[in-house]
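# Results of the structural survey
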There are 2 protein chains.
Amino acid sequence: MRPAPRFFEDFQVGLRFRSPHEIPVTAERIKAFAAEFDPQPFHLDDGAGAGAFFAGLTASGWHTAAVAMRLIVDSDLGLDGRGAGVAAESMRWPRPVRPGDSLRVEGMVTETRPSRSRADRGIVKFQATAYNQRNEAVLEATHVVMALRRGAAPGCR
Amino acid sequence: MRPAPRFFEDFQVGLRFRSPHEIPVTAERIKAFAAEFDPQPFHLDDGAGAGAFFAGLTASGWHTAAVAMRLIVDSDLGLDGRGAGVAAESMRWPRPVRPGDSLRVEGMVTETRPSRSRADRGIVKFQATAYNQRNEAVLEATHVVMALRRGAAPGCR
């Protein structure tokens, strides 16, 4: 389902990608993620009033970010194994993810440039937005990835 | 161990916080996280050469971000349940996290301002850096949190 991994030279500004499927976010997974990584009341308990901020259970924003990463890896961006994230700019969670939501991702490459410090690598920036089943954005971010150039030796670094 | 959750008014610029403990990152957890959220070779396999980018197993950057969130929640920042992340600015992963690394977080509140749209809330920005056991930064980020003002009704939104 995934395309062959791209080298730096294969990423072009304007290249669009999308996830080939949706990932459902269940109450069980929301609570399990939160118990390990973000144990705040509104990520752990269904009970109204348990949290002071949200009414009802919501996914940790880091859970949403992790699901979005899975959707990006599964997409036709072709990131698999030849690029590594070095930064993320302006991540925004415009609305919470709730149990039963189903997420997908769409995005576009916005910038590419050779690395100034490593001749065998280049920088690729892409914008990615995760949407719920109502096509409401739940996460927007710009990812900055260091990608290998064609001919770079594997296993470097 | 955690302090009482703070309201917006309790956050002041210059407030410093730190995690009360370290969280070890094991090969088992790196692979389990990656299998669910970031299934790229260098996050799944110990074997050298399995990945084209890193030599050896490294944690997904989103795993590192999730562990950092846990350390922030456990810290004396006092975020628990009265603030919700709305954005993250300039996240950087200066170096990878590897099996056996043990992470801690230090940070500081850098900005506070009342919300323009919600009278019962305010914006708190804090910078947080995750360090490994060699005091090398592995994640730097500025978090933007919407916090309840004192007297705000619980369960709103």
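Residues numbered from 1 in each chain as written. Chains lettered and ligands numbered in written order. Predicted model: local features only at pLDDT ≥ 70, side-chain atom pairs only at ≥ 80, totals over all residues.

## Points about the overall build of chain A
Each helix and strand counted, chain A has three helices and six strands in total. Going from the N terminus to the C terminus, chain A shows its helices and strands as β-β-α-α-α-β-β-β-β. (Helix = DSSP H or I, 4+ residues; strand = E, 2+ residues; numbered from the N terminus.)

## Here we look at the pairing of strand S3 (residues 83-92) of chain A
Examined bridge by bridge, S3(A) and strand S6 (residues 137-148) of chain A share seven bridges and lie antiparallel to one another. Paired with A:Ala88 across the strands is A:His143, a residue of S6(A). Judged from the four bridges that link them, S3(A) and strand S3 (residues 83-92) of chain B form a sheet pairing that is antiparallel. Within S3(B), the position partnered with A:Arg92 by the bridge is B:Ala87. (Pairing = 2+ DSSP bridges.)

## A look at the nonpolar core
Counting residues in hydrophobic clusters, the biggest one holds 89 residues, and the most contacted among them are A:Ala68, A:Ile72, A:Leu103, B:Ala68, B:Ile72 and B:Leu103. Here B:Ile72 is in contact with B:Leu77, B:Leu79, B:Val105 and B:Ala128, once residues within four sequence places are set aside. (Core = buried A, V, L, I, M, F, W, Y, C linked by C-beta atoms within 7 Å. Buried ≥ 20, exposed ≤ 12 C-beta atoms within 10 Å, placed from the backbone. Contact = placed C-beta atoms within 7 Å.)

## A word on the environment of B:Glu36
Following the sequence through the fold, B:Glu36 ends up in helix H1 (residues 27-37). Residues B:Glu36 and B:Thr129, 93 residues apart in the sequence, show an inter-C-alpha distance of 25 Å.

## Some thoughts on helix H3 (residues 61-74) of chain A
The end-to-end C-alpha distance of H3(A), which contains 14 residues, comes to 20 Å, matching closely the 20 Å that a straight helix rising 1.5 Å per residue would cover. With 13 of 14 residues buried, H3(A) lies mostly within the body of the structure. (Expected span 1.5 Å × (residues − 1).)

## Remarks on the relation of the copies chain B and chain A
Turning chain B through 180 degrees and shifting it by 0.0 Å along the axis lays it on chain A, with an RMSD of 0.0 Å. Interpreted geometrically, this transformation is the action of a two-fold axis. Ranked by how close their C-alpha atoms come to the rotation axis, the residues of chain B are headed by B:Glu89, at 2.8 Å. A high fraction, 100%, of the interface residues of chain B reappear at the interface in chain A, so the copies pair face to face through one surface. (Least-squares fit on C-alpha atoms with pLDDT ≥ 70 in both.)

## Description of the confidence of the model for chain A
Reading fine detail from the predicted coordinates is not recommended where pLDDT is low. Within chain A, residue pLDDT values average 90, and 92% of them lie at 70 or more. For this predicted complex, the interface confidence score (ipTM) comes to 0.91, while the overall pTM stands at 0.92. (pLDDT = per-residue confidence, 0-100.)

## Focus: the interface of chain B and chain A
With 40 residues of chain B at the contact, the number on the chain A side is 40 residues. Residue assignment for the side of chain B that touches chain A shows that the elements contributing at least two residues are H1, helix H2 (41-44), helix H3 (61-74) and S3 of chain B. A per-element tally of the side of chain B that touches chain A places S3(B) first, with ten residues. Residues of the side of chain B that touches chain A, tallied by class, amount to 23 nonpolar, nine polar and eight charged. (Nonpolar A, V, L, I, M, F, W, Y, C, P; charged D, E, K, R; others polar.)

## Overview of the environment of A:Ala84
If you trace the backbone, A:Ala84 turns up in strand S3. With 39 residues separating them in the primary sequence, A:Ala84 and A:Asp45 have C-alpha atoms 35 Å apart.

## As for unusual backbone geometry
Positive phi values are uncommon outside glycine, yet A:Ser90 reaches one of about 45 degrees. Secondary-structure assignment places A:Ser90 in strand S3. Positive phi, normally seen in glycine, also occurs at B:Asn135, with a value near 60 degrees. Within the fold, B:Asn135 resides in the loop between strand S5 (121-131) and strand S6 (137-148). Among the residues examined, B:Asn135 registers 7 C-beta atoms within 10 Å and is labelled exposed.

## Quick word on the packing of H3(A) against H3(B)
The contact between H3(A) and H3(B) brings their axes to 10 Å, and the two run at 175 degrees. Judged by the inter-axis angle, H3(A) sits roughly antiparallel to H3(B). For the pair formed by H3(A) and H3(B), the contact residues are A:Trp62, A:Ala65, A:Ala66 and A:Met69 on the first element and B:Trp62, B:Ala65, B:Ala66 and B:Met69 on the second. Among the residues forming the contact of H3(A) with H3(B), the class breakdown is eight nonpolar, no polar and no charged. (Axes fitted to C-alpha atoms, helices over the stretch in contact; angles between N-to-C directions. Parallel < 35°, antiparallel > 145°, perpendicular 65-115°, else oblique.)

## Side note on the environment of A:Met69
With respect to the helices, strands and loops of the structure, A:Met69 is situated in helix H3. The class of A:Met69 is buried, set by 28 C-beta atoms lying within 10 Å. In this structure the C-alpha to C-alpha distance between A:Met69 and A:Phe126, which are 57 residues apart in sequence, comes to 12 Å. Among residues more than four places away in sequence, those in contact with A:Met69 are B:Phe37, B:Asp38 and B:Trp62.

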